[in-house]
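A structural walkthrough
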Amino acid sequence: MKSEKILTIGTFDGVHIGHQKILKRVVALAQKESLVPTVLTLFPHPRMVLQKDDKIKLLNTIDERIQLLKNLGIEEVIVKEFTKEFANLSARDYVEQILVDELNTKQIVIGYDHHFGKNRSANINDLKIFAEEFSFKVEEISAQEIKDVTVSSTKIRNALNNGDIEIANSYLDYNYYISGEVVKGKSIGRTLDYPTANIHIKESYKLIPRDGVYIVKSEIEDTIVYGMMNIGTNPTVSGKTRSIEVHFFDFDKDIYGKNLRVEFLHWLRSEKKFRNLDALKKQLSKDMTDALEHIKRINA
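First, a word on scope: everything that follows refers to the structure included in this document. Model, not experiment: these values are computed from the prediction.

Observations concerning helix 6 (residues 124-134)
Regarding helix 6, the residues found buried are Ile124, Leu127, Phe130, Ala131 and Phe134. For helix 6, the arc enclosing every buried residue in end-on projection is 110 degrees, short of the 170-degree limit, so these residues lie on one face. Projecting away from the buried face of helix 6 at angles above 90 degrees are the exposed residues Ile129 and Glu132. For helix 6, the secondary structure elements touched by its buried residues are helix 5 (91-102), strand 4 (105-111) and strand 5 (137-141).

Now the structure itself:
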């Protein structure tokens, strides 16, 4: 027999403080009503499918989103593939086939502005009518809470695009991070005595903060390691493609091929072109001093 679920539906990109308020409500109600706290989320983003929008940038990859939701007590994350066929489901078919028959939903926590079905033609009032027919409850999320979600998402994206890491992290309630494989680079950093790990992110839709130098940290083999990251094209050595490179402090292990999660702590400076490699090396020494002082302050 399928487990009975309490469900909320949405993209939940960022799983930030606005989302967390809603998700905690779902988890609390689940405990009270003996239901399984569940999120139904769509992937790819509808704009990627319907408008072929390949410029859309998201705060989380789908794997990151699933993990963040589970960290908050959501037991089941249902990822529905968004296709043109899915988009053409009528409101009734969507409710009956997916919410009721497939998921065995007994309660839905949803925003007042929720729309669903073909051409997003049905709204929360329609959902309440379906709820009576199919015997599930609907709890409406207030306009203010929905506004908080929208404001948070916008502020986080703007902050990351401006290098305002602390602002982004305050709205996320965790450090913004990227996840990717360490791949071979041009080894220029090694010749400058600042060897770097080149991070390859396979998901092109993941939002990368503005170009520049950042203080970052990772957990490698159960040890917290701090470092400085450069995002950009390396103009001093006539670089052409954008890369993400991290120099970890007091660290010399071979991590090629490993998948790393790198968290952003602070933006140090813009990327710039130096007149020669000696000038670049001098700047890197200053960056490292500044980074270590900042790390000392935040850990004091």
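What to know about the sheet that holds strand 11 (residues 259-269)
If you trace the six strands once around the closed barrel, you get 6-7-10-9-8-11, paired in antiparallel fashion. Between one strand and the next, the sheet's axes are offset by a mean angle of 45 degrees, whatever the strand orientation. Bridge count between strand 7 (residues 197-200) and strand 10 (residues 243-248): two bridges; the pairing is antiparallel. Looking at strand 10, one finds that asparagine 198 is bridged to glutamate 245. Those strands touched by helix 8 (residues 165-172) are strand 8 (212-220) and strand 11, and its axis lies near 130 degrees from that of strand 11.

Re the packing of aromatic side chains
Under the defined criterion, the tally for this structure stands at ten aromatic pairs. With a centroid separation of 5.6 Å and an interplanar angle of 40 degrees, the aromatic rings of tyrosine 94 and phenylalanine 116 are classed as tilted. Residue tyrosine 94 is located in helix 5, and its partner phenylalanine 116 is located in the loop between strand 4 and helix 6; the two are separated by 22 residues in the primary sequence. Phenylalanine 116 gets classed as buried once you look at its relative accessible area, which sits at 5%.

Details of the nonpolar core
Ranked by internal contacts, the top residues of the largest apolar core, which has 50 residues, are Ile178, Ile199, Met229 and Phe264. Of the residues forming this core, the biggest block, six residues, is contributed by helix 1 (residues 17-33). With near-sequence residues (within four places) excluded, methionine 229 lies in contact with Ile178, Gly212, Val213, Tyr214, Val216, Ile244, Glu245, Val246, Val262 and Phe264. With 26 residues, the next largest nonpolar core counts Ile9, Ala87, Tyr94 and Phe134 among its residues.

Reading the values: the criteria
Residues numbered from 1 in each chain as written. Predicted model: local features only at pLDDT ≥ 70, side-chain atom pairs only at ≥ 80, totals over all residues. Heavy atoms only, no water. Buried < 20%, exposed > 50% of the residue type's maximum accessible area, 1.4 Å probe, protein only. Helix = DSSP H or I, 4+ residues; strand = E, 2+ residues; numbered from the N terminus. Arc of directions from axis to C-beta. Contact = heavy atoms within 4.5 Å. Pairing = 2+ DSSP bridges. Axes fitted to C-alpha atoms, helices over the stretch in contact; angles between N-to-C directions. Phe/Tyr/Trp six-rings, centres within 6.5 Å; stacked < 30°, edge-to-face > 60°. Core = buried A, V, L, I, M, F, W, Y, C linked by side-chain atoms within 4.5 Å.

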